[in-house]
Amino acid sequence: MEIKFILNGKKMQVDAAPDLLLLDLLREKGCYSVKRGCETANCGLCTVLMDKKPVLSCSMLAVRADGHEIVTLEGMQREAEEFGSFLADQGAEQCGFCNPGFIMNVFAMLEEMKEPTEEEIGEYLAGNLCRCSGFMGQTRSILAFLKYKKEQREGGSDR
Amino acid sequence: MLKIKEYVKVNSLEEAYELNQKKSSRVLGGMVWMKMMNRSVGTAIDLSGLGLDTVKETEDEFVIGCMTSLRTLETHAGLNACTDGAVRESLRHIVGVQFRNCATAGGSIYGRFGFSDVLTMFLALDSYVELYKGGRISMEEFAEKKADRDILVNIIVKKHHQRSAYVSQRNAKTDFPVLACAVCLDEEGMRLSIGARPGRAALLKEKMDTPVNKKDMSAGEWNRQAELLAKKAAECVVTGSNMRASKEYRTHLVRVLTKRALLAAGGMENGN
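Residues numbered from 1 in each chain as written. Chains lettered and ligands numbered in written order. Predicted model: local features only at pLDDT ≥ 70, side-chain atom pairs only at ≥ 80, totals over all residues. Heavy atoms only, no water.

## Examining the interface of chain B and chain A
Defined as follows: Contacts between residues were defined by any pair of non-hydrogen atoms, one from each residue, lying within 4.5 Å. Buried area: the accessible surface (1.4 Å probe) lost by two parts on joining, summed over both. Every case where a carboxyl oxygen of Asp or Glu lies within 4 Å of a side-chain nitrogen of Lys or Arg is listed as a salt bridge. Within 3.5 Å is the distance limit for a polar contact, defined as a pair of N or O atoms, with the added protein rule that one can donate a hydrogen and the other accept it, and that residues adjacent in sequence qualify only through two side-chain atoms. Numbered from the N terminus, helices here are DSSP runs of H or I no shorter than four residues, and strands are runs of E no shorter than two. By the convention adopted, Pro, Cys, Tyr, Trp, Phe, Met, Ile, Leu, Val and Ala count as nonpolar, Lys, Arg, Asp and Glu as charged, and the other residues, Gly among them, as polar.
The partner chain A presents 26 residues to the 28 residues of chain B that form the contact. Carbon and sulfur atoms make up 54% of the surface buried where chain B meets chain A, a total of about 2,200 Å² over both sides. For chain B, the biggest contributors to the area lost against chain A are B:Tyr7, B:Lys35 and B:Gln98; these three give 30% of the whole. At the boundary of chain B and chain A, one finds 4 salt bridges. In this assembly, chain B and chain A are joined by 9 residue pairs in polar contact (both at pLDDT 80 or more). Sorting the residues of the side of chain B that touches chain A by element identifies β1 (3-9), α2 (70-74) and α5 (97-102) of chain B as the ones contributing at least two each. Looking at the side of chain B that touches chain A, its residues break down into 12 nonpolar, 7 polar and 9 charged.

This is the structure in structure tokens:
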């Protein structure tokens, strides 16, 4: 079936098999940040944004992307670099395998909530599993990032 | 692996119903469960083009389209105000936001899964399903029915003067529940639903006085009532064992969670 969708700002037109999963299509198109970390729709590694909402690309048929806008980490390099430096500052991650899905969901969270509390952060990101860490570094890095963004908005950051 | 021969995004419910009469056809929900199955689907029927992904609120009910995501339900102000946040509580522990953006209300209810928080919650509310051919039937009747080839179109929740609460026990965060318990107190009395027994959620109805329909009920009296009801629930709700928990542990949880939910719904502090 022929589908049209927008991938990271570019118009795409592809012929997708009825049972092709969005995750596999995205990887075919070179978006290697999108990974299959589990087989049970649990790990969050395959998270992409569909019309700005985070979804599991491992569970979505590619044909369902027809007419929608998909964004992967490849389409958010500048933002990812900025936030990534906060993750690195806290030594939050070890292997980094879960990082792209995690970052995409952090961006989705910030789209929904301007200033989430630590509890809200924990709840929003509960579907992103990291097997190296205990999520503490990640939480610290988000809190630091939020503080930096707030200072930036208020015009007082020296970072 | 799930194999699909043909995918059809239908233009009408009639088209969906006709396609679904073939045994090899399947109606798609959010696919978070279905994609894990090892089966071949002839025609995958997609209802997502029919505008059934919203919650409509009227004077006396909520009409939830079958393609409404669990996340939409979780964040719906009206539905949560009406249920004291019980709907949100029943959903927020399910895997993650990304998962709940995919999973649909219709898929969760139609599947009548034993582990379902969603079915447990709706069973406690005065709710109905609207089937394309079968019309409106109560959630209680639907929960007991075997899967057939009809199309679940809407889920309806009637508004009452009510108080609700939802509690669940999990071995780990975001995992399936070991036991789930939903309570709704309304004009008539109590509706208690126990899920993840691990079988399909079961409903216990009782016409009785509660702090909702009897304004002057004292905290002590409701506490005693809650104790009795919890004991009764533990006696009559059938539980079983599986890899997550034993039958005995579940029955213990039925008593504890029922009491907690009743006290919370009754507007009183946790009595444990």
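Here the narrative resumes.
## With respect to the packing of helix α9 (residues 219-236) of chain B against helix α10 (residues 247-265) of chain B
Residue and element names in this part refer to chain B. To keep it simple, the criterion reads: To obtain an axis, a line is fitted to C-alpha atoms, over the contacting stretch when the element is a helix, and the angle between two such axes runs from 0 to 180 degrees between their N-to-C directions. With respect to orientation, any angle under 35 degrees is reported as roughly parallel, any angle over 145 as roughly antiparallel, any angle of 65 to 115 as roughly perpendicular, and every other angle as oblique. If you view the pair so one helix is near and one far, a crossing is left-handed when the near helix is turned anticlockwise from the far one by less than a right angle, and right-handed when it is turned clockwise.
At a closest axis distance of 8 Å, the pairing of α9 and α10 adopts a crossing angle of 150 degrees. By the angle between their axes, α9 is roughly antiparallel relative to α10. Crossing handedness for the pair α9 and α10: right-handed. Residues Trp222, Asn223, Ala226, Glu227, Leu229, Ala230, Lys231, Ala233 and Ala234 of α9 touch α10, and the partners they reach there are Thr251, Val254, Arg255, Thr258, Lys259, Leu262 and Leu263.

## Focus on α9(B)
Residues and elements named next belong to chain B. Spelled out, the test is: One less than the number of residues in a helix, times 1.5 Å, gives the span that helix is expected to have. The rule is simple: take the accessible area with a 1.4 Å probe, protein chains only, and divide by the maximum for that residue type; under 20% is buried, over 50% is exposed, in between is partly exposed. Starting at the helix axis, one direction is taken to each C-beta atom, and the arc is that of these directions.
Between the first and last C-alpha of α9 there are 26 Å, a value that for 18 residues agrees with the 26 Å anticipated at 1.5 Å per step. Listed as buried for α9 are Trp222, Ala226, Leu229, Ala230, Ala233 and Ala234. Buried residues in α9, looked at end-on, bunch into an arc of 135 degrees, giving them a common side. In α9, the exposed residues that point more than 90 degrees away from the buried face are Arg224, Leu228 and Glu235. Buried-residue contacts for α9 involve β10 (179-185), β11 (189-195), β12 (202-207) and α10.

## Topic: the side chain of B:Gln98
Looking at where B:Gln98 falls in the secondary structure, it is placed in helix α5. By relative accessible area, B:Gln98 is classed as buried at 1%. Setting aside chain neighbours within four positions, we find B:Gln98 in contact with A:Gly44, A:Thr47, A:Pro54, A:Val55, A:Leu56, A:Asn105, A:Gly127 and A:Asn128.

## Here's the deal with the packing of aromatic side chains
Residue and element names in this part refer to chain B. In plain terms, the rule: Only centres within 6.5 Å qualify two rings of Phe, Tyr or Trp (six-membered ring in Trp) as a pair; their planes then separate them into stacked at under 30 degrees, edge-to-face at over 60, and tilted for everything else.
Applying the stated rule across the entire model yields 11 aromatic pairs over all chains. Measuring from centroid to centroid gives 4.9 Å for Trp33 and Phe115, while their planes differ by 55 degrees, and the two rings are tilted. In this pair, Trp33 sits in the loop between β2 (26-27) and β3 (40-46) while Phe115 sits in the loop between α6 (105-111) and α7 (117-124), placing the two residues 82 residues apart along the sequence. Relative accessible area serves as the criterion here: at 25%, Phe115 is assigned to the partly exposed category.

## Some words on the domain arrangement of chain A
It is common to give the size of an interface as the accessible area lost on bringing the parts into contact. Residues and elements named next belong to chain A. As a reminder of what qualifies: An automatic or database domain assignment supplies the residue ranges for each domain.
Once the domains are mapped, chain A shows domain 1 (2-74) and domain 2 (76-153). Distance from the C-alpha centre of domain 1 to the C-alpha centre of domain 2: 22 Å. Contact with domain 1, which involves 14 residues of that partner, is made by 16 residues of domain 2. Note on domain 1 versus domain 2: buried area summed over both sides is about 1,400 Å², and carbon and sulfur give 65% of it. Of all residues in domain 1, Lys35, Leu45 and Leu73 bury the most surface against domain 2, accounting for 40% of the area lost on that side. Inspection of the region where domain 1 meets domain 2 yields 0 salt bridges. The interface formed by domain 1 and domain 2 includes 6 residue pairs in polar contact (both at pLDDT 80 or more).

## Overview of the sheet that holds β12(B)
Adjacent strands of a sheet form backbone hydrogen bonds with each other and so pair up, either parallel or antiparallel. Residue and element names in this part refer to chain B. Note the cut-off: The criterion for strand pairing is that DSSP finds at least two bridges linking the strands in question.
Strand order in the open sheet formed by 4 strands is β9-β10-β11-β12, and the pairing between neighbours is antiparallel. Only two strands of the sheet have a single neighbouring strand rather than two, namely β9 (163-169) and β12. Looking at each pair of strands side by side, their axes are set apart by 10 degrees on average, direction ignored. Relative to β10, β9 is paired through 7 bridges, and the arrangement is antiparallel. Within β10, the position partnered with Val167 by the bridge is Cys181. Lying over the sheet, α7 contacts β9, β10, β11 and β12, oriented at roughly 20 degrees with respect to β10.

## Side note on the sheet that holds strand β5 (residues 61-65) of chain B
Residues and elements named next belong to chain B. Across the sheet, which stays open at both edges, the 5 strands sit in the order β4-β5-β8-β6-β7 with antiparallel pairing between neighbours. Among the strands making up the open sheet, the edge pair consists of β4 (55-57) and β7 (135-138). In this sheet, neighbouring strand axes are inclined to one another by 25 degrees on average, regardless of whether the strands run parallel or antiparallel.

## Topic: α10(B)
All names here are of chain B. With 19 residues, α10 should reach 27 Å at 1.5 Å per residue; the first-to-last C-alpha distance of 26 Å fits that figure. Residues of α10 that are buried: Arg250, Leu253, Val254, Val256, Leu257, Thr258, Lys259, Ala261, Leu262, Leu263 and Ala265. Among the structural elements, β9, β10, β11 and α9 are those in contact with the buried residues of α10. Where α10 terminates, the next one or two residues include Gly267, which has phi positive at roughly 80 degrees.

## Examining the domain arrangement of chain B
Residues and elements named next belong to chain B. As assigned here, chain B comprises domain 1 (55-158) and domain 2 (174-265). Of note, the centres of domain 1 and domain 2, computed from C-alpha atoms alone, are 20 Å apart. Listed by partner, the interface residues are 17 residues for domain 1 and 21 residues for domain 2. With both sides pooled, the region where domain 1 packs onto domain 2 buries about 1,500 Å², and carbon together with sulfur makes up 56% of that total. Of all residues in domain 1, Thr120, Leu123 and Ala124 bury the most surface against domain 2, accounting for 34% of the area lost on that side. Remark: the boundary between domain 1 and domain 2 carries 1 salt bridge. A salt bridge links Lys205 to Glu140, with the shortest nitrogen-to-oxygen separation between them at 2.9 Å. Our count for the contact surface shared by domain 1 and domain 2 stands at 9 residue pairs in polar contact (both at pLDDT 80 or more). Elements with a contribution of two residues or more to the side of domain 1 that touches domain 2: α7 and α8 (139-144).

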